[in-house]
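One-letter residues, chain by chain:
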Amino acid sequence: MSIRVRLRGVGAGLGRWVSYAGYLQKWLVLGTFIGIIAGLGAVAFYSLLRLASHVFLGLIGGYFVPQPAAEDGFLGTPHFPTWWLIPIIVCLGGLLSGAIVYIFAPEAEGHGTNAAIDAVHRNPRMIRSRAVIVKMIASAITIGSGGSGGREGPTAQISAGFGSLLARTLNLSPEDGRIAVSMGIGSGIGAIFGAPLGGAVLAAGIIYREDFEVKALVPGLISSSVGYTVWGLFQGFTPLFGYTASNYRFDQPIQLLWFAVIGVAAGLVGLAYAKSYYSIAGLSKRLQVPRMLRPAIGGLAVGLLALAVPQVLGTGYGWVQQALDRSTLMALPLWIVLVLPFAKILATSLSIGTGGSGGIFGPGIVIGGFAGSALWRLVEPLGQGMGVPLSPAPFVIVGMMACFGAIARAPLAVMLMVAEMTGTLTILGPAMVAVGIAYLMVRRTDATIYRSQLLDRTEAQSARLHIGLPLLGRVGVAEAAVKPRVLLTTDMTVSNAITQLETAFVPGAPAVDTDGRFQGTVYMAVLRKLTADDDTTIERCVDAAAPTVSDGADLGEAIDALPEGHGWLTVLDDEHRVSGILAIGDVVRAYHATLRSDERIVAQVSADSGITYIRMAQSSPLAGHTLAERGLPDGVIVLSVRRGEEALLAAGSVELCAGDLVSVLAPVNMLAAVRALLAPG
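First, a word on scope: everything that follows refers to the structure included in this document. Every chain is numbered independently, its residues counted from 1 as its sequence is written. Selection of residues for local features in this predicted model requires a pLDDT of at least 70, selection of side-chain atom pairs for listing and counting requires 80 or more, and totals for whole chains, interfaces and linings are taken over all residues. Excluding hydrogens and water, the side-chain figures rest on all heavy atoms present in the structure.

## Quick notes on the overall build of the chain
Alright, step 1. Helix and strand definitions follow DSSP, with helices as H or I runs of at least four residues and strands as E runs of at least two, each counted in order from the N terminus. Counting secondary structure elements, the chain contains 25 helices and 10 strands.
Alright, step 2. Here the term buried applies to any residue with accessible area under 20% of the maximum for its type, exposed to any over 50%, and partly exposed to those in between, with areas from a 1.4 Å probe on protein chains only. A total of 681 residues make up the chain; the buried ones form 54% of that total.
Alright, step 3. In what follows, residue pairs with any heavy atoms lying within 4.5 Å of each other are defined as contacts. Summarising the internal contacts of the chain: among those between residues at least 6 apart in sequence, 76% fall at separations of at least 24.

## A short note on a nonpolar patch on the surface
Alright, step 1. On the surface, a cluster of nonpolar side chains totalling about 980 Å² of accessible area is made up of Trp-17, Leu-24, Leu-28, Val-29, Phe-33, Ile-36, Leu-40, Leu-233, Phe-234 and Phe-237.
Alright, step 2. Only α2 (23-60) and α9 (217-235) provide two or more residues apiece to the nonpolar patch.
Alright, step 3. The biggest single contributor to the nonpolar patch is α2, with six residues.
Alright, step 4. When you line up the elements, Leu-24 lands in helix α2.
Alright, step 5. Classification of Leu-24 as exposed rests on a relative accessible area of 63%. Nonpolar side chains (Val, Leu, Ile, Met, Phe, Trp, Tyr) are joined into patches within 5 Å and like charges within 9 Å, using only residues with over 30% relative accessible area and no salt bridge. The Shrake-Rupley method, run with a 1.4 Å probe, gives the accessible areas here. Residue values count only the displayed protein chains as cover. Here, a salt bridge means any side-chain nitrogen of Lys or Arg that lies within 4 Å of a carboxyl oxygen of Asp or Glu.

## A closer look at the packing of α2 against α9
Alright, step 1. To define axes, lines are fitted to C-alpha atoms, for helices over the stretch in contact only, and angles between the resulting N-to-C directions are given on a 0 to 180 degree scale. One can describe the packing of α2 onto α9 by two numbers: an axis separation of 7 Å at closest approach and a directional angle of 35 degrees. The way α2 lies across α9 gives a crossing that is right-handed.
Alright, step 2. Gly counts as polar in this scheme, as do all residues outside two lists: the nonpolar Ala, Val, Leu, Ile, Met, Phe, Trp, Tyr, Cys and Pro, and the charged Asp, Glu, Lys and Arg. Here the residues of the contact of α2 with α9 are counted per class, giving 16 nonpolar, seven polar and no charged. By definition, turning the near helix anticlockwise from the far helix through less than a right angle yields a left-handed crossing, and turning it clockwise yields a right-handed one.

## Quick word on the sheet that holds strand β3 (residues 518-523)
Alright, step 1. Strand order in this open sheet of three strands is β1-β2-β3, and the pairing throughout is mixed. This sheet does not close on itself; its edge strands, each paired only once, are β1 (488-489) and β3.
Alright, step 2. Pairing between strands requires that DSSP locate at least two bridges from one strand to the other. As paired elements, β1 and strand β2 (residues 508-512) share two bridges and run parallel to each other. Bridge assignment links Thr-489 to a residue of β2, and that residue is Val-512.

## Points about the pairing of strand β5 (residues 568-572)
Alright, step 1. Counting buried positions along β5 yields five of five residues, so the element is predominantly enclosed.
Alright, step 2. Here strand β4 (residues 548-550) pairs with β5 via three bridges, running parallel. Counted as the bridge partner of Ser-550 is Leu-572 from β5.
Alright, step 3. One ladder, built from five bridges, connects β5 with strand β6 (residues 578-583); its direction is antiparallel. Along β6, the bridge assignment pairs Leu-572 with Val-578.

As C-alpha cells, then:
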C-alpha cells in the first residue's frame, strides 16, 4: 500500500473524528496542529531569509543590513563597499524570484496575506502546497537580495496553507475550513513577529474591512499561542524591538494633541501606501515585457533608490530599531528622516507590486514608524514643555500602530501586535486617539491594503452565494418575477383583505395607495391578530419596511435584498408601482432556465474552438456595458474578466472597462471578430 493511500486513510479517520468531536476538542486539536506548523514555518522561513541575505547582500555585496534588538541589534554596515553592486544584486534577486514563481506557482507572486484572505472567502481548500513552498523560496530571495518586503506574508501563507490542507484532508465543513485558514493567517504572522495576542485578534479581524469573525477568535488564541511558543523555543521570547519604551507613562494630557497629529499623518501616509502600491502594480501589469522579468525591473529601481536611501533595503526592522533611539535618530540627516516613509512606500511598491514575492504587512508597520520618527524630528525643538517626549519611541510606536492598523482595516490587532513587538503596553491608552483618527480617515475613502477583504459577514455570505451560483448576475429580476396573485389597497377593510389572502392561499401581499403606488406589505399573521370592525382599514397594518427590489436589478441583488426568514419580495418599477412578486421558487426556476440556455450555447460551440485573452480598449463599443447586455455574438462565451489584482467571475452584472483582460472561448473563425470588437484598431 502506497504512502499516499495510507495518508488518505488516516485523514479520513481523523475527519470522521473531527465531524463528531465537540467544539473544545476539535479546535484544541486543530489549533494546536496549525500553531505548530505556524511556528515551525516561521522558523524555517526566517532561517532561509537570513541565509539569502547573508549570501546576496553580505557575501556578494559586502553589505549587512541593521537588525532589530531580538536579532542581535547589529547596527549594520555604515556604507556600501561596492556601491554599483547593490542595484545588480536587487535586480538579480527579482529575476530569480520572478522565474521561480512564474515556472512553478504563478499564484505565489505578490503578497501572500491577500491570497490567504481570498481563500477564506472563496474556497478555504484552494491554497496549493506547492504555492506555499514556492512562496517561501521566492520571498527569501526577494527580501534577502534587498527587495523591500515583509517576512509575514510567506509565514501567513505557510500556516494558512496548512489550514487549507486540513480542510481538504479532513473534509472540514466550509465554515470550519474558513476558520482554519483564518487561524493560519493570524498564527503565522503572530509567530514571526512574536505577538501571539495580536495574531489571535488578527485571525478574527483581517478578513473584513468593518467586521469581526468572532468564531475564529478563541481557536485563534490557541493556534497563535502554540505558534509563538514554538517560535520562541528556537528564536527566544524577546520582543522584536526589545523593551523599547517600557518606562513610558502617560502623565501629560497635552500629548493627546500630538497623538492626534500622528493619527492624521499616519492616515494620510497609509492612504498613500495603498494608492502607490496598487498604482505601480497596475502599471507593472501593462508593461509589454515577459511577466517573469517584471520583478527584476522593480528590483533594479529599488537598488538605484537604495544608493541614496539605503534604509529601503530589506525588511527595514533594523532601521526602525534605530529610529526608536534618540541618539541614532538624531545622527541621521533630517532630509533622510523626512523622506523615509515615502521612499519605503515606493520601494515596497516596486519590489512586491511588480510581482516580487514578500509581505506588505511588515513594510506597512515600518512606514508608520518612519512617519512617526519624521514627525518627532520636526517638533523635537519645541521640547518637553510642549509635551514632546525626550525619546522618539512613543511617536514611532504610535505611528506604527496608526498607519498600518488603519490601512489594513485591523486597528485593534495591529495595536496589540506593535505593543507586543515593542514590549510597551502602557502606551495603548493614549495611542487609541491616533489609531482611531487614522482609521476614520481611511474608512471615509473605503481604501484598504488588502483588496480581498470583504466589508462584513453579510457581504461575505452574499459573495459565497454568488461564487456558488455565478449565473445569478446574468438573470434579470424582470425575467423571473411573476404577477402578484393579490394586490391590496390601503383603504381596503381588514376583513376583505383576509378574505382575499385566504382565497389566493398567500401569506401576504403588497399594498398600494389609491394612485397605485406601493406603500408596503400586509401579512396575514398581522391581520389575524386584530379585532377589527367592518370599517377598519388595513392602512395601519402596512409594513413600510418590507423588502423590495427594482425590476432592473438581477437575481443576485434580489437575494441580497431578501432578509433572513423572508420567502418573497415585491418588485417595483421606476415609478414605485408594483410590477411583480419574486419568490425563492421563482429564483430557482429562472436560474435553471438560464443554465439550460447556457448548455445549448456550449453545445453550439464547435470542437474547433479556442480561448483567447484580449485587453479591452477604450475605443471598444462594449466598454462601459455589462456582460448581460449581450454585445458579443452567439456562440462566444466570456470565461473571466481580470481587472488589476482582481479576477472577476463572468457574471452578467460585470461592467467591462478599458484595461480589463477578458478571457473568451469562441470558434476559431470568430476570434478575429471578437478581438476587433473588444480591442478595435
